[in-house]
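In case you want the letters, here they are:
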Amino acid sequence: MAAVRVLIVEDDPFIAMDIEMAVAEQLGEAAELIVVESVAQAWRAAAGQLSCALLDIDVVDGKTFEVADTLRKTGIPFAFVSGSAPQEVPKPLRQARFLRKPFSTREVVAFVMAAIGGIVPESIA
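An account of the accompanying structure is given in this report. Here the structure is a predicted model, which means the values were calculated and not measured.

1. A closer look at the packing of helix α2 (residues 39-46) against helix α3 (residues 65-74)
Step number 1: Two numbers describe how α2 lies on α3: the axes approach to 10 Å, and their chain directions differ by 15°. In terms of orientation, α2 lies roughly parallel with respect to α3. Helix-helix and strand crossings are classified by hand; for α2 and α3 the assignment is left-handed. Across the interface between the two elements, Val 39, Ala 42, Trp 43 and Ala 46 of α2 pack against Glu 66, Val 67, Thr 70 and Leu 71 of α3.
Step number 2: Taken together, the residues that form the contact of α2 with α3 break down as 6 nonpolar, 1 polar and 1 charged.

Structure below.
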């Protein structure tokens, strides 16, 4: 298993690919990027060990708020990457980082690096 596991929940394949490529470019092969497009798939992925997560709010089968709340309660850092308004986020989740679409891939990478403690896997050090 990779030392760093990043969950990406995004139902637009082009946006998912942009996020995945930006994070992979920074972290290299030592990171496992788990890209899913639905809440159901996010639940399955979140059952495993994660370093952090990037969540679109509205995906094919609903909103990711319950997944986010579970991540929050278990101490897994996450950010919303969404075109939704920040005010739509339930109050208990408003402390999460919110990256508004269109986003900068630098913002996404900066969040991931901060979330994993700036750890750079040995393979890219």
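2. Section: α2
Step number 1: Every buried residue belonging to α2 is among Val 39, Ala 42 and Ala 45, and all of these are buried. The buried residues of α2 all sit within an arc of 120° when viewed along its axis, so they share a single face.
Step number 2: Summarising the contacts, the buried residues of α2 are in contact with β1 (4-9), β2 (31-36), β4 (58-59), β5 (62-63) and α3.

3. Notes on the pattern of salt bridges
Step number 1: Going through the model one piece at a time under the given rule, you end up with 6 salt bridges.
Step number 2: Across the salt bridge formed by Lys 101 and Asp 56, the nearest N and O atoms sit 3.2 Å from each other. A residue pair is termed long-range when its members are at least 10 positions apart, and Lys 101 in the loop between β7 (97-100) and α4 (105-115) and Asp 56 in the loop between β3 (52-55) and β4 qualify at 45 residues.
Step number 3: The shortest N-O distance in the salt bridge between Lys 63 and Asp 58 comes to 2.5 Å.
Step number 4: Here Asp 58 falls in the partly exposed class, since its relative accessible area comes to 33%.

Reading the values: rules and limits
Residues numbered from 1 in each chain as written. Predicted model: local features only at pLDDT ≥ 70, side-chain atom pairs only at ≥ 80, totals over all residues. Heavy atoms only, no water. Axes fitted to C-alpha atoms, helices over the stretch in contact; angles between N-to-C directions. Helix = DSSP H or I, 4+ residues; strand = E, 2+ residues; numbered from the N terminus. Parallel < 35°, antiparallel > 145°, perpendicular 65-115°, else oblique. Left-handed = near helix turned anticlockwise from the far one by under 90°. Contact = heavy atoms within 4.5 Å. Nonpolar A, V, L, I, M, F, W, Y, C, P; charged D, E, K, R; others polar. Buried < 20%, exposed > 50% of the residue type's maximum accessible area, 1.4 Å probe, protein only. Arc of directions from axis to C-beta. Salt bridge = Lys/Arg side-chain N within 4 Å of Asp/Glu carboxyl O.

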